[in-house]
Amino acid sequence: MGRAAAAEGGAGGARRWLPWLGLCFWAAGAAAARGNDNGEVLPESIPSAPGTLPHFIEEPDDAYIIKSNPIALRCKARPAMQIFFKCNGEWVHQDEHVSEESLDESSGLKVREVFINVTRQQVEDFHGPEDYWCQCVAWSHLGTSKSRKASVRIAYLRKNFEQDPQGREVPIEGMIVLHCRPPEGVPAAEVEWLKNEEPIDSEQDENIDTRADHNLIIRQARLSDSGNYTCMAANIVAKRRSLSATVVVYVNGGWSSWTEWSACNVRCGRGWQKRSRTCTNPAPLNGGAFCEGMSVQKITCTSLCPVDGSWEVWSEWSVCSPECEHLRIRECTAPPPRNGGKFCEGLSQESENCTDGLCILDKKPLHEIKPQSIENASDIALYSGLGAAIVAVAVLVIGVTLYRRSQSDYGVDVIDSSALTGGFQTFNFKTVRQGNSLLLNSSMQPDLTVSRTYSGPICLQDPLDKELMTESSLFNPLSDIKVKVQSSFMVSLGVSDRPEYHGKNHSGTFPHGNNRSFTTMHPRNKTPYIQNLSSLPTRTELRTTGVFGHLGGRLVIPNTGVSLLIPHGAIPEENSWEIYMSINQGEPSLQSDGSEVILSPEVTCGPPDMIVTTPFALTIPHCADVSSEHWNIHLKKRTQQGKWEEVMSVEDESTSCYCLLDPFACHVLLDSFGTYALTGEPITDCAVKQLKVAVFGCMSCNSLDYNLRVYCVDNTPWAFQEVVSDERHQGGQLLEEPKLLHFKGNTFSLQISVLDIPPFLWRIKPFTACQEVPFSRVWCSNWQPLHCAFSLERYTPTTTQLSCKICIRQLKGHEQILQVQTSILESERETITFFAQEDSTFPAQTGPKAFKIPYSIRQRICATFDTPNAKGKDWQMLAQKNSINRNLSYFATQSSPSAVILNLWEARHQHDGDLDSLACALEEIGRTHTKLSSITESQLDEADFNYSRQNGL
């Protein structure tokens, strides 16, 4: 009985699943006897039919589903009467197969190709011990063949890296290992390393290895390896960047070789000599250690004093020689010259005749010489004497003549040599500081016709730079030279005619990038004209609450631009929640990281444990000039541990939340409550923060003084409300409509100055007409309002009108002028409204009155656009007409995409309620529908089929 029932059931299953075979013996129930363990009721073979078993030409491949896009599995076999897919042991319905049949020309056999689509919903709904799989089963006259199993998995890539690379400081030629564990993903992410945003190719550099478990290994560090390294993980779904790791390759200093010992520093006696070395082998780089030890060595030295030589006494005369001469000698040994002393001066040997004329000539006695010889010798002596006398007389005459001529020229007997040198005195020029580029070369003549123009303010920080020469004694001999040098210096600055630069004190302007205190003191009362930002009083949180139910509603913090939209149906029926929202006005818990800037307030909404069935819309104001080319804006959320984590980048694709960035606010669709804020990372120097500049005024304690306070705050309503609240406590009045200033991230400072003050009615305190604020103080001031004050004084109490201009400008940037025209008397002053009061009356609205679109119209719109329509009249076109062109996959995951789009429209138009624009968008969609009517029916059916698979229908 049981077997019969089983056979009958198997036959019924075969008839239900295989009507396409058309074989009568299947209807008779023969297939029931061949059922296998998987409940398969198809026959393995038909022995009576001639032919061959099917052979698969193409088998299904493993595939991944990206986001919500379905994937197609294909297989091809020959010869094949039929091919069907089986997924997870169950046959796929024949309606889901798309089959194509052809004929193999070479063999004449039938070739059949079949493919099916697998959707994300099918994979998510499968729960089994293994991955979702599919295989092909092909039939021929001889039997069946099965293909390989192809697995189908949902591709994803987590956001956070399991391990980010850490910065390192390594010595040169040391090993660098940067670890990186990419986020979990399917398929597994491939890792690529970037150095200073440029990809690293390990194949071109043998010193770098990136193959070891995603780590980056540099075997021997070089100076060129210093930089910022980033681990980039990517798969078919997305790309993720790790935190950057800064690698610094440093070089420790090394000593050079010692120089030769110098000569002793004294010529004689005890002194010293030295040798030196420098820390240049190599020089320390990138924070490397300086050389240890001394760079100079000294040793004592003793130099012997030189001793000049001196003669000994002459020796006795020698015996008379045959030439009638005798000799005597002396030696330079009393003392001998030593240590470079001079040798004795004079002859060391003397000779003279030793016979007194009685010497024998030619071995004959002198009296035996003939008289003729004697006469010849006498003649020679006579002539010699006469010649000597003539020469002596001539020399005497010449000397007397020259003496007389010299006496006639000078007229005096003694010439004073000081007359030749008295006109010359030696002196030296000495500059204040060596290498000062502002001083002219002393060897050059000053060109008094040259002038130079400087675009920025002239600031002399060092007191030594404010005087050219401090040692007046250097110029006493030639006092006029001092005047020339000074005038040349002033001409070189281009300010020789400006009296304000003739004094020593130049206050009022500071150089760029100088973080000195911006406080100017009045000489009498020492009142600071630029208030320290920390002195502003801290206030409690801005907070609002409301009770909401199934009908939803809107929660607004007045005058802050922050609002929360609870859609209809987000809270289950018969439930109600007290929902609160607040803004942190103290010091932000979100700190700027590197170049990151806080662009919005920290907004908290709760309770955190509340669960909504439809995303709610949170509107947060921001101060960025929106441009994807210059900003990378992130949405961050504070965890329960107090840390901040990134939810998403505004430009990213995500199905967990949605960010729509408008010029002045960001509208976020969220599923959970918490604390959120917007941060921005400037990509270029052209990134702009929008600042709101405003001027307030009030009388001071002195009846003649009037104070102007200029504020530069982020262009968000909540930041300006802080300023307004502070001024109300001080009695200040807004003197001019606030204006927007576009402040660039180009590192240039901000200047605030007061211009065109009536000269005979008002005067400004000295050195306060222009004040400068560093770039970093403006760029990073998110929660503290920037405050600059100017004090004006009336000449007489009868002056009640004040007219002037406030100039706020960024150097090499934007400029704004605030025109002040006011009465200092409160009774005559015109009141300027701080805020519009439209959102101050009803901070919490519930039910239909909180929404701009009537509920009945909203239902009709959702019913029209949520229903798939191949003619293009669906929610995607509705999103496009409302300028929602990005991250449409988020809406595709919602049960009613049109409802979420309308919720976003409500959040964007909470103040204007521009229903006309929505009606025009719907009308345009209707005209588009008419243009699409020419599409063929097969294309329309296919579009409906694809849409059904994307939405799980």
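The following paragraphs examine the structure supplied in this document. (Residues numbered from 1 in each chain as written. Predicted model: local features only at pLDDT ≥ 70, side-chain atom pairs only at ≥ 80, totals over all residues. Heavy atoms only, no water.)

### Considering the overall build of the chain
For the record, the criterion: Each helix is a run of H or I in the DSSP string that is no shorter than four residues. Each strand is a run of E no shorter than two, and both are numbered from the N terminus. The buried label goes to any residue with under 20% of its type's maximum accessible area, the exposed label to any with over 50%, and the partly exposed label to all in between, with areas taken from a 1.4 Å probe on protein chains only. The contact definition used throughout considers only heavy atoms, calling two residues in contact when any of these lie within 4.5 Å.
Scanning the chain from N- to C-terminus turns up 14 helices and 47 strands. In the chain, which comprises 953 residues, the proportion classed as buried is 40%. Partitioning the contacts of the chain with sequence separation of at least 6, the portion at a separation of at least 24 is 69%.

### Observations concerning the packing of helix α9 (residues 855-866) against helix α12 (residues 897-908)
In a packed pair of helices, the relevant descriptors are the angle between the two axes and the axis-to-axis distance. Spelled out, the test is: For every element, the axis is a line fit to its C-alpha atoms; helices are fit only across the contacting stretch, and the angle between N-to-C directions ranges from 0 to 180 degrees. Each angle gets one of four labels, with under 35 degrees taken as roughly parallel, over 145 as roughly antiparallel, 65 to 115 as roughly perpendicular, and the rest as oblique. Crossings are classed by handedness, with left-handed meaning an anticlockwise turn of the near helix from the far one by less than a right angle and right-handed meaning a clockwise turn. Note that Gly is not counted as nonpolar here; it falls among the polar residues with everything else outside the nonpolar set of Ala, Val, Leu, Ile, Met, Phe, Trp, Tyr, Cys and Pro and the charged set of Asp, Glu, Lys and Arg.
The N-to-C vectors of α9 and α12 enclose an angle of 135°; their axes lie 8 Å apart at closest approach. By the angle between their axes, α9 is oblique relative to α12. Between α9 and α12 lies a crossing of right-handed hand. Where α9 approaches α12, its residues Arg858, Ile861, Cys862, Phe865 and Asp866 are matched on the opposing element by Pro897, Ser898, Ala899, Leu902, Asn903 and Glu906. When the residues that make up the contact of α9 with α12 are grouped by side-chain class, the tally is six nonpolar, two polar and three charged.

### Structural notes on α12
The line we're drawing: Multiply 1.5 Å by the residue count of a helix minus one, and that product is the helix's expected span.
Helix length check: α12 (12 residues) gives 17 Å between terminal C-alpha atoms against 16 Å at 1.5 Å per residue, within 8%. Most of α12 is tucked away: 11 of the 12 residues are buried. Along α12, the positions that sit buried rather than exposed are Pro897, Ser898, Ala899, Val900, Ile901, Leu902, Asn903, Leu904, Trp905, Glu906 and Ala907.

### What about a negative patch on the surface?
Applied cut-off: The patches reported here contain residues having more than 30% relative accessible area and no salt bridge. Joining distances are 9 Å for like charges and 5 Å for nonpolar side chains (Val, Leu, Ile, Met, Phe, Trp, Tyr). Shrake-Rupley sampling with a 1.4 Å probe provides the accessible areas, and residues are treated as covered by the protein chains on show and by no other component. Definition used for salt bridges: Asp or Glu carboxyl oxygen within 4 Å of a side-chain nitrogen of Lys or Arg. The charge count includes Lys and Arg as positive and Asp and Glu as negative, but it does not include His or the ends of the chains. Just so you know, the charge point we use is NZ for Lys, CZ for Arg, CG for Asp and CD for Glu.
A contiguous patch of negative charge, built from Glu646, Glu651, Asp652 and Glu653, is present on the exposed surface. Structurally, Glu646 can be placed in strand β33 (residues 644-649). On the basis of relative accessibility, which here comes to 39%, the residue Glu646 falls in the partly exposed class.

### Describing α9
Put simply, the rule reads: Directions from the helix axis toward the C-beta atoms define the arc.
Over its 12 residues, α9 runs 16 Å from end to end, which matches the ideal 16 Å to within 8%, given 1.5 Å per residue. Of the positions making up α9, those classed as buried are Arg858, Ile861, Cys862, Phe865 and Asp866. Within α9, the buried residues cover an arc of 105° as seen down the axis, which keeps them to one side. Residues of α9 that are exposed and point more than 90 degrees away from the buried face comprise Arg860 and Ala863.

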